[in-house]
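Okay, here's what each chain looks like letter by letter:
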Number of protein chains: 2
Amino acid sequence: MKEDSKPYYAVIFTSTQNENIVGYSEMADKMENLAKQQKGFLGMDSARNNIGITVSYWKTIEAIKNWKQQIDHLQAQQKGRADWYSWYNVRICKVEREYEYFKK
Amino acid sequence: MKEDSKPYYAVIFTSTQNENIVGYSEMADKMENLAKQQKGFLGMDSARNNIGITVSYWKTIEAIKNWKQQIDHLQAQQKGRADWYSWYNVRICKVEREYEYFKK
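Below or above, wherever it landed, is the structure these notes cover. (Residues numbered from 1 in each chain as written. Chains lettered and ligands numbered in written order. Predicted model: local features only at pLDDT ≥ 70, side-chain atom pairs only at ≥ 80, totals over all residues. Heavy atoms only, no water.)

All right, on to the relation of the copies chain B and chain A then. For the pair chain B and chain A, the superposition axis carries a translation of 0.0 Å, the fit reaches an RMSD of 0.0 Å, and the rotation angle comes to 180 degrees. The two molecules are tied by a two-fold rotation axis, judged by turn and shift. Taken together, the interface assignments show that 100% of the residues at the interface of chain B recur at the interface of chain A, consistent with an identical surface on both copies. (Least-squares fit on C-alpha atoms with pLDDT ≥ 70 in both. Contact = heavy atoms within 4.5 Å.)

What follows is the structure, encoded as structure tokens:
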């Protein structure tokens, strides 16, 4: 994120999945594309091994609330609870400091 | 995290690695074990695909500062920059809200 965009917010979504996750990958791609179109969206990082971690970055708490209530996203959340996730945790965080390293 | 531990802090460490990462896995295990012994440590989640994401959770900003300056951890950070990471980003965040879902 750029220096002048601070303070901003991060949503840390950690999850474990069921064995059968038919349709999950397509939905994850769809939701990522949809999130990128939301007002206040800044970026997203994802990785999964035993646990999945997706961190999305937002300008304001309001942008996070709007994304949580977005209609297609609500349907994806329901589908996630019904079919894909055995557990998940959502943390809404204020990013207070940030630093970055690039290999020369 | 437990409800009564809020507010608490999250350190979001995202990184990309070089192709040659000899010794990285052993160091990562060692640092995780060492972090667990630090005062104020609450937990840690890690996953890596194209990008690596490690989120560690701490009771206070002071605990995070102490961990950053811990002598063995300082050496690991130097080694990380010299040998393993092509890029990394560190975000210090205050966890403001949290909710969790368990499959029934």
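From this point, the discussion proceeds with the structure in view.
Spatial strand order, β2(A)-β3(A)-β1(A)-β4(A)-β4(B)-β1(B)-β3(B)-β2(B): eight strands in an open sheet with antiparallel pairing. The sheet is open, and its two borders are formed by β2 (41–48) of chain A together with β2 (41–48) of chain B, each paired with just one other strand. Averaged over all pairs of adjacent strands, the angle between strand axes in this sheet comes to 25 degrees, irrespective of strand direction. Judged from the seven bridges that link them, β2(A) and strand β3 (residues 52–58) of chain A form a sheet pairing that is antiparallel. The residue bridging A:Arg48 from the neighbouring strand is A:Gly52, located in β3(A). Across the sheet, helix α1 (residues 24–36) of chain A lies against β1 (8–17), β2, β3 and β4 (85–102) of chain A, angled at about 160 degrees from β2(A), the strand it touches most. Where helix α1 (residues 24–36) of chain B meets the sheet, it contacts β1 (8–17), β2, β3 (52–58) and β4 (85–102) of chain B, and its direction lies at approximately 160 degrees from that of β2(B). (Pairing = 2+ DSSP bridges. Helix = DSSP H or I, 4+ residues; strand = E, 2+ residues; numbered from the N terminus. Axes fitted to C-alpha atoms, helices over the stretch in contact; angles between N-to-C directions.)

Glancing now at the interface of chain B and chain A. With 40 residues of chain B in contact, the opposing surface of chain A contributes 40 residues. Between chain B and chain A, roughly 3,700 Å² of surface is buried when both sides are summed, and carbon and sulfur atoms account for 53% of that area. Interface area lost by chain B to chain A is led by B:Arg91, B:Tyr99 and B:Tyr101, which between them contribute 19%. One can count two salt bridges joining chain B with chain A. Linking chain B with chain A are 29 residue pairs in polar contact (both at pLDDT 80 or more), by the criterion used here. The set of elements that each furnish at least two residues to the side of chain B that touches chain A consists of β1, β2, β3, α2 (61–69), α3 (71–84) and β4 of chain B. A class-by-class count of the residues in the side of chain B that touches chain A yields 22 nonpolar, five polar and 13 charged. In this sheet, β4(B) lies alongside β4(A) in antiparallel orientation, the contact comprising 15 bridges. (Buried area = accessible area lost by both parts, 1.4 Å probe. Salt bridge = Lys/Arg side-chain N within 4 Å of Asp/Glu carboxyl O. Polar contact = N/O pair within 3.5 Å; in protein donor to acceptor, adjacent residues only side chain to side chain. Nonpolar A, V, L, I, M, F, W, Y, C, P; charged D, E, K, R; others polar.)

Residue and element names in this part refer to chain A. Extensive coverage of β1 is indicated by the burial of eight of its 10 residues. Bridge count between β1 and β4: 10 bridges; the pairing is antiparallel. Counterpart to Ala10 in the pairing with β4 is Cys93. Bridging between β1 and β3 involves seven bridges; their strand directions are antiparallel. Looking at the pairing, Ala10 lines up with Tyr57 of β3. (Buried < 20%, exposed > 50% of the residue type's maximum accessible area, 1.4 Å probe, protein only.)

Another point: the packing of aromatic side chains. Inspection of the entire model under this criterion finds 18 aromatic pairs over all chains. Ring plane angle 75 degrees and centroid distance 5.5 Å describe the contact between B:Tyr24 and B:Trp84, whose orientation is recorded as edge-to-face. Note that B:Tyr24 is positioned in helix α1 and B:Trp84 in helix α3, a separation of 60 residues in sequence. For the ring pair B:Tyr85 and B:Tyr88, a centre distance of 5.7 Å and an interplane angle of 80 degrees mean the geometry is edge-to-face. Across the pair, exposure class does not vary: B:Tyr85 and B:Tyr88 are buried alike. A connected cluster of aromatic rings, assembled from ring pairs, spans A:Phe13, A:Tyr24, A:Trp84, A:Tyr85, A:Tyr88 and B:Tyr101. Lying over the aromatic face of A:Tyr99, B:Lys68 brings its terminal NZ or CZ to 4.4 Å of the ring centre. Lying over the aromatic face of A:Tyr57, B:Arg91 brings its terminal NZ or CZ to 4.0 Å of the ring centre. (Phe/Tyr/Trp six-rings, centres within 6.5 Å; stacked < 30°, edge-to-face > 60°. Lys NZ or Arg CZ within 6 Å of the ring centre and 35° of its normal.)

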